[in-house]
Amino acid sequence: MSKNKEILASTILATIFIAFFSVLYFNNFLGYYIHYRYNWLIPLSIITMCVFVVSVIIYFFKKELNFKKDWKSVISFGFLNYFIIFASLSLFFVPRAPLSNYVAEKRRLNYSNNIINARTETYENTMSGTILLSDIQSTNNYPENVKEDILNNYYANREVRVKGFITKNIEVGGTKLYELTNFVISCCAVDATTVSALLETQDSLNKNQWLKVIGKIKVIEYKNSKTLIIKADEIEKISPPNSPYEYPE
Amino acid sequence: MNQISSVLLDFLTLFTSIIVEAMPFILLGISFSILVSLFMNDKMVLKIKNANPLVRMPLIGLVGVFMPVCECGNVPIARRLLQNKFSISETTVFLVAAPIVNPITFISTYQAFNFDPSIAWLRISLGYLMAITAGLLFLRSHRSKYIEEKFENLCKDHAHYESKAKKAIDIFSSEFILLIKMLFLGAFIASAIQILVPREIIASLNNNIILSILAMMMLAFVVSICSNIDAFFALSFSNIFPSSSLLAFMLFGPVIDIKMLTLLKSTFKNRYLVKLSIVIFVFVLIACLGVSVVKK
């Protein structure tokens, strides 16, 4: 490919990405893909690509770049370049959605209790802090690491405000419980790890339904160990939010 | 039908996520590469090249300290080094060391593993040693054996530019279009594998130290996560795997993963990628086994 054609193809590609990144950034869609602490990288990328595109335009008007011939023979861009341009364009039409139940099942692991240790230390210092689904899951996964007084003093009856989606329902001692699931991401959706907690409610809920839950932590006996669940006070059925996951600091 | 649509949606979300996460670093890398090209003249290159090789190689291993971009951003810089007639061996030292021996990676590893700071120190020192070892193994390698012909021809092409801005436009356009193609390919393969392989298969290999090191290397290969932040991801496995396996993840991943290999393919022949992968694999396995014995 001639130099001019290469510049033309990359200018088209850069323009597509400027538009695509702007759509994600200004409509707050980045939460589906990356941790919010990296959001600033997107405007930086937009600026870098804008500098390139503007420079090309300036040189074009200064007649130091001549695309006339290349416009006519645009067909010889090559299959791969066309493919990348169309693939980039198709990114605009991909429905913006957080990861679903399917990936949640593939990524079910026992989440590390190092998070919970750090958070209980914070609690002892400040007596505050928001409880996340990851806190509840790590406590349930490693009951041997959590002292009973922490369960009772730190967790029992504490208010929780969490969001997530329903992955399954089970019955424990005659009570119908739902599994409320979400993901924790440290960098981007690629590293998303599933976290979940059981939810007690009178409402009837469907699989994959996104919810905003306000409730209190309840300690129950489940599978021969003390388990934290959420007793819902208020449940709001919602569409997947723009910042759907848990983003640890 | 519902299942198929959610699989497809998840695939597209993961694919977009890799593109959105990697693109800023690639652009940053291209910008650094343009700066190197504009401000590093032949005299400077000659001065570096005339320095004692025993000093030169360790110094190149420290370049990442001043260019703290993740591994995908290092590819355009490595290409620029090769174009400035740096050897395969020196470029390899840079490629392996820069994503690990850099301040952002060190700080994030230190923060993530603040309950055991030795992990951050081990990562940076073993990463540096790994880079020098890999560089030494490519010491007598000829460029033609390992570099793609197309790229080698580009290195020989000394175009004359009327202005620095014109040169910058030229470099940006050729690097951008090539690396975006490779990124799309890498993102496609990485997201397809992530959709198909359940993580619990990898996590179930934690009952034996060798298997657990291999499992974490495999995870690093599949996940293709940015080296500046991978420590936080590794942290979530700290209850399932011993620290030596987490170290394997943090040493192997920044150099060898699906996304990185496809990006490197823009410049290197398959035999380079295979040799580099084997060298890094063996080094990480031996080093992490050593760590597991010492840290018992």
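The structure displayed is predicted, hence computed values, not measured ones.

## A few points about the pattern of salt bridges
Residue and element names in this part refer to chain B.
And step 1. One pass over the structure, following the stated rule, counts nine salt bridges over all chains.
And step 2. Across the pair Arg 56 and Glu 90 runs a salt bridge, and its minimum N-O distance is 2.4 Å. Of the two residues, Arg 56 is situated in helix α3 (residues 53-60) and Glu 90 in helix α5 (residues 88-97); the sequence distance between them amounts to 34 residues. The same class applies to Arg 56 and to Glu 90, which are both buried.
And step 3. Lys 265 serves as the salt-bridge partner of Glu 148, at 2.6 Å between the closest nitrogen and oxygen. Note that Glu 148 is positioned in the loop between α8 (143-146) and α9 (149-156) and Lys 265 in the loop between α15 (258-264) and α16 (270-294), a separation of 117 residues in sequence.
And step 4. Given a relative accessible area of 22%, Glu 148 falls into the partly exposed group.

## Observations regarding the packing of aromatic side chains
And step 1. Using the criterion set out here, one finds 27 aromatic pairs over all chains in the structure.
And step 2. Ring geometry for Phe 183 of chain A against Tyr 245 of chain A: centres 5.9 Å apart, planes inclined by 85°, an arrangement best described as edge-to-face. With a gap of 62 residues between them, Phe 183 of chain A in strand β2 (residues 175-184) and Tyr 245 of chain A in the segment after β5 (225-238) connect regions that are remote in the sequence. One exposure class covers both Phe 183 of chain A and Tyr 245 of chain A, and it is buried.
And step 3. Measuring from ring centre to ring centre gives 5.3 Å for Phe 172 of chain B and Phe 176 of chain B, while their planes differ by 25°; the resulting arrangement is stacked.

## Some remarks on the pairing of strand β1 (residues 159-172) of chain A
All names here are of chain A.
And step 1. Here seven bridges tie β1 to strand β4 (residues 210-222), and the two strands are oriented antiparallel to one another. Across the sheet, Glu 159 pairs through a bridge with Lys 216, a residue of β4.
And step 2. As consecutive antiparallel partners, β1 and β2 are separated by two residues, and within that stretch Gly 173 has a phi angle of approximately 55°, a positive value.

## Some points on the sheet that holds β1 of chain A
All names here are of chain A.
And step 1. Taking strand neighbours around the barrel as the criterion, the five strands line up as β1-β2-β3-β5-β4 in a closed arrangement whose pairing is mixed. With strand direction ignored, the average angle separating the axes of adjacent strands in the sheet is 50°.
And step 2. Along the sheet, helix α7 (residues 133-141) contacts β1, β2, β3 (193-200), β4 and β5; its crossing angle with β3, the most-contacted strand, is approximately 85°.

## Remarks on the nonpolar core
And step 1. The biggest cluster of nonpolar side chains holds 140 residues, and the ones touching the most others in it are Phe 17 of chain A together with Phe 176 and Ile 280 of chain B.
And step 2. Setting aside anything within four residues of it in sequence, one finds Phe 17 of chain A in contact with Met 49, Ser 88 and Leu 91 of chain A together with Ile 19, Met 23, Ile 180 and Phe 184 of chain B.
And step 3. Ile 150, Leu 205, Leu 211 and Ala 232 of chain A belong to the second-largest nonpolar core, a separate cluster that totals 23 residues.

## Thoughts on the confidence of the model for chain A
Residue and element names in this part refer to chain A.
And step 1. Averaged over every residue, the pLDDT of chain A is 82; the share at 70 or more is 84%.
And step 2. Highest mean pLDDT in chain A belongs to helix α2 (residues 41-61) (93); lowest belongs to helix α6 (residues 114-126) (47).
And step 3. For the stretch residues 115-119, pLDDT sits under 50, and the model shows 12 contacts to residues farther than four places along the chain or on other chains.
And step 4. Within the model, the stretch residues 122-127 combines pLDDT values under 50 with six contacts to residues more than four positions away or in other chains.

## Concerning a nonpolar patch on the surface
Residues and elements named next belong to chain B.
And step 1. Judged by side-chain polarity, Ile 209, Ile 210, Leu 211, Leu 214, Val 274, Ile 278, Phe 281, Val 282 and Ile 286 come together as a nonpolar surface patch covering roughly 700 Å² of accessible area.
And step 2. Put simply, the parts of the chain that give the nonpolar patch at least two residues each are α12 (209-223) and α16.
And step 3. For the nonpolar patch, the element with the highest residue contribution is α16, accounting for five residues.
And step 4. Here Val 274 lies in helix α16.
And step 5. The partly exposed category is assigned to Val 274, whose relative accessible area is 48%.

## Thoughts on the interface of chain A and chain B
And step 1. Counting from both sides, the interface comprises 64 residues of chain A and, opposite them, 56 residues of chain B.
And step 2. Buried surface at the junction of chain A and chain B, both sides included, amounts to about 5100 Å², of which 73% is carbon and sulfur.
And step 3. At the junction of chain A and chain B, the tally comes to zero salt bridges.
And step 4. Our count for the chain A to chain B interface comes out at eight residue pairs in polar contact (both at pLDDT 80 or more).
And step 5. Among the elements of the structure, α1 (3-26), α2, α4 (79-90), α5 (101-106) and α6 of chain A are those that each provide at least two residues to the side of chain A that touches chain B.
And step 6. Per-element accounting of the side of chain A that touches chain B gives the leading share, 11 residues, to α1 of chain A.
And step 7. Here the residues of the side of chain A that touches chain B are counted per class, giving 42 nonpolar, 14 polar and eight charged.

## Let's talk about helix α7 (residues 118-137) of chain B
And step 1. The terminal C-alpha atoms of α7 of chain B, which comprises 20 residues, lie 28 Å apart, in line with the 28 Å expected from a rise of 1.5 Å per residue.
And step 2. Looking at the buried positions of α7 of chain B, the neighbouring elements they touch are α3, α5, α6 (103-112), α13 (230-235), α14 (243-252) and α16 of chain B.

## Some remarks on unusual backbone geometry
With the exception of glycine, most residues fall at negative phi, and the peptide bonds are largely trans.
And step 1. Within the chain, Asn 28 of chain A stands out as a residue other than glycine whose phi angle is a positive 55°.
And step 2. Checked against the element boundaries, Asn 28 of chain A lands in the loop between α1 and α2.
And step 3. Of note, Lys 85 of chain B is a non-glycine position whose phi angle comes to about 70°, a positive value.
And step 4. The topology assignment puts Lys 85 of chain B in the loop between α4 (71-83) and α5.

## Concerning α4 of chain A
Residues and elements named next belong to chain A.
And step 1. With 12 residues, α4 extends 16 Å from end C-alpha to end C-alpha; this agrees with the ideal 16 Å at 1.5 Å per step.
And step 2. Along α4, the residues that are buried comprise Asn 81, Ile 84, Ile 85, Ala 87 and Ser 88. Here the buried residues of α4 occupy an arc of 165° about the axis, which is enough to place them on one side. In α4, the exposed positions angled more than 90 degrees off the buried face are occupied by Phe 79 and Phe 86.

Definitions and limits used
Residues numbered from 1 in each chain as written. Chains lettered and ligands numbered in written order. Predicted model: local features only at pLDDT ≥ 70, side-chain atom pairs only at ≥ 80, totals over all residues. Heavy atoms only, no water. Salt bridge = Lys/Arg side-chain N within 4 Å of Asp/Glu carboxyl O. Helix = DSSP H or I, 4+ residues; strand = E, 2+ residues; numbered from the N terminus. Buried < 20%, exposed > 50% of the residue type's maximum accessible area, 1.4 Å probe, protein only. Phe/Tyr/Trp six-rings, centres within 6.5 Å; stacked < 30°, edge-to-face > 60°. Pairing = 2+ DSSP bridges. Axes fitted to C-alpha atoms, helices over the stretch in contact; angles between N-to-C directions. Contact = heavy atoms within 4.5 Å. Core = buried A, V, L, I, M, F, W, Y, C linked by side-chain atoms within 4.5 Å. pLDDT = per-residue confidence, 0-100. Patch = residues over 30% accessible without salt bridge, like charges linked within 9 Å, V, L, I, M, F, W, Y side chains within 5 Å. Areas by Shrake-Rupley, 256 points an atom, 1.4 Å probe, with all protein chains shown as cover. Buried area = accessible area lost by both parts, 1.4 Å probe. Polar contact = N/O pair within 3.5 Å; in protein donor to acceptor, adjacent residues only side chain to side chain. Nonpolar A, V, L, I, M, F, W, Y, C, P; charged D, E, K, R; others polar. Expected span 1.5 Å × (residues − 1). Arc of directions from axis to C-beta.

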